[in-house]
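Notes for the structure review
The chain contents come next:
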Amino acid sequence: MNMKPGPRPALVAAACAALFAGSTMAQTTPPPAVPTPAAAAASAPPAAPESPWAFTGNVGIYSQYVFRGVSQTNEKPAVQGGFDVAHKNGLYAGTWLSNVSWLSDSAPNVSNSLEWDFYGGWKYDLPNDFQSDLGILYYYYPGSYPSGFTTPNTTELYAALNWKFLQVKYSQSVGSSTFGIADSRGSYYVEGNLNYDIVDKVNDYIGKITLIAHVGHQAFKNNTNYTYTDWKGGVAVDVSGYTVGLVGTGTDAEAAYYTNPYGKNIANGQFVAYVQKTF
């Protein structure tokens, strides 16, 4: 009987070797690579650089506007607000507005209801938590004035030294008239201010509580009858993103020079309540 020839031993061995090698390669082939977090971050586009500029704004409602101890609104409410821009190198500029009535109250033929301020300066950090602040401030009172009325617009140069919650500041008038007082070039105001945080946070609704204190001296050159010292004390509280405050102010100004035609001494003791928002 003829039998079919079987596979040759050499071919069988070769086939088994090839099958074994293929099985081994299949078992040792690594899975597809998964990028690590570091690699994924490296492949992401770079974040935009942080802007060196900062913009802020503020708006507030006040029971009255008191400036250096003197009511500017005949003890009536005021709405105030402004905008600021600052660079990380310390340079800054801004503008601020408030309704006023003290000029129109002083004479019936004066038409003015606004104070519009423009300012700019430079703050520089010093050692041991000190900071200097140098700048210029222009007080603008747009309106119509009768012939011969002394222009109230005023320019001041100022220099301040800050340390944490304390400040001392000197402001020098550079015009021939200071807030409408003739022949008063060189008038100045020197002040000390304290804004001390008593509590950083009370709860989720009430934030820091700040103690406010101030004393200042307004000197009018060649018009000493208008010269006076003022003071202020009060408290401000952060409430759900708003600042709520109450301050009391006073001066030693001579009533005869600060009593308006309505018979009200606008430099006597005042209280100011306010709500302000910074954004």
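A few words on the overall build of the protein. Of the regular secondary structure elements, the protein holds four helices and 16 strands. Buried positions account for 33% of the 279 residues belonging to the protein.

A few words now on the confidence of the model for the protein. With 84% of its residues at a pLDDT of 70 or more, the protein has an overall mean of 89. Low pLDDT, under 50, characterises residues 1-28; the predicted model gives this stretch one contact beyond four residues in sequence or across chains.

Glancing now at the environment of G69. Here G69 shows up in the loop between β2 (66-67) and β3 (70-71). Spatially, the C-alpha atom of G69 lies 9.4 Å from that of Y228, the residues being 159 residues apart in sequence. Dropping the residues within four chain positions of it, G69 is found in contact with D230, T249, T251, I266, A267 and N268.

This part is about the sheet that holds strand β7 (residues 114-125). Taken together, 12 strands build a closed barrel; the order of strands is β1-β4-β5-β7-β8-β10-β11-β12-β13-β14-β15-β16 and the barrel is antiparallel. Between one strand axis and the next, the sheet turns by 20° as a mean value, whatever way the strands run. In this sheet, strand β4 (residues 78-87) lies alongside strand β1 (residues 53-62) in antiparallel orientation, the contact comprising 10 bridges. Bridge pairing in β4 places W53 opposite H87.

Turning next to the pattern of salt bridges. Applying the stated criterion across every chain yields a total of four salt bridges. Across the pair D129 and K164 runs a salt bridge whose closest N-O atoms are separated by 3.8 Å. Residue D129 is located in the loop between β7 and β8 (130-140), and its partner K164 is located in the loop between β10 (154-163) and β11 (166-173); the two are separated by 35 residues in the primary sequence. For the pair shown, D129 and K164 are each scored as exposed.

Looking now at the layout of surface pockets. Of the volumes computed, that of the second largest pocket is approximately 610 Å³. For the second largest pocket, the lining is made up of 25 residues, of which W102, F179, Y257, Y258 and I266 are closest to its centre. Considering each element in turn, the lining of the second largest pocket owes the most residues, four residues, to helix α3 (residues 102-106). Residue composition of the lining of the second largest pocket, grouped by class: 15 nonpolar, eight polar and two charged.

If you trace the backbone, N193 turns up in strand β12 (residues 188-199). Polar side-chain contacts of N193 include one of 3.0 Å to the side chain of E191. Dropping the residues within four chain positions of it, N193 is found in contact with F165, L166, Q167, A213 and H214.

We now examine the pairing of β1. One ladder, built from five bridges, connects β1 with strand β16 (residues 270-278); its direction is antiparallel. Opposite I61, over in β16, you have V275 as the bridge partner.

Turning next to unusual backbone geometry. Leave glycine aside and you will find that most residues have negative phi; peptide bonds, for their part, are mostly trans. Residues other than glycine seldom take positive phi values, yet E75 does so here, at roughly 65°. On the secondary structure map, E75 appears in the loop between β3 and β4. The partly exposed category is assigned to E75, whose relative accessible area is 31%. Even without glycine at this site, S240 takes up a positive phi of about 50°. If you trace the backbone, S240 turns up in the loop between β14 (228-239) and β15 (242-251).

A word on the nonpolar core. Core analysis: the biggest nonpolar cluster contains 16 residues, and Y65, W102, Y139, Y141 and F179 have the highest contact counts within it. The set of elements that each furnish at least two residues to this core consists of β5 (91-99), α3 and β8. Non-local contacts of Y141, meaning those with residues more than four positions away in its chain, are made with W102, L103, N112, L114, E115, P152, N153 and F179. Membership of the second largest hydrophobic core comes to eight residues, among which are F220, A253, Y258 and A267.

Here is what the cut-offs are and how they apply
- Residues numbered from 1 in each chain as written.
- Predicted model: local features only at pLDDT ≥ 70, side-chain atom pairs only at ≥ 80, totals over all residues.
- Heavy atoms only, no water.
- Helix = DSSP H or I, 4+ residues; strand = E, 2+ residues; numbered from the N terminus.
- Buried < 20%, exposed > 50% of the residue type's maximum accessible area, 1.4 Å probe, protein only.
- pLDDT = per-residue confidence, 0-100.
- Contact = heavy atoms within 4.5 Å.
- Pairing = 2+ DSSP bridges.
- Axes fitted to C-alpha atoms, helices over the stretch in contact; angles between N-to-C directions.
- Salt bridge = Lys/Arg side-chain N within 4 Å of Asp/Glu carboxyl O.
- 1 Å grid on protein atoms, 1.4 Å probe; cavity = no way out; pocket = protein on both sides within 12 Å on 5 of 7 lines; lining within 4 Å.
- Points joined across faces, edges and corners; volume = space filled by probe spheres on them.
- Nonpolar A, V, L, I, M, F, W, Y, C, P; charged D, E, K, R; others polar.
- Polar contact = N/O pair within 3.5 Å; in protein donor to acceptor, adjacent residues only side chain to side chain.
- Core = buried A, V, L, I, M, F, W, Y, C linked by side-chain atoms within 4.5 Å.

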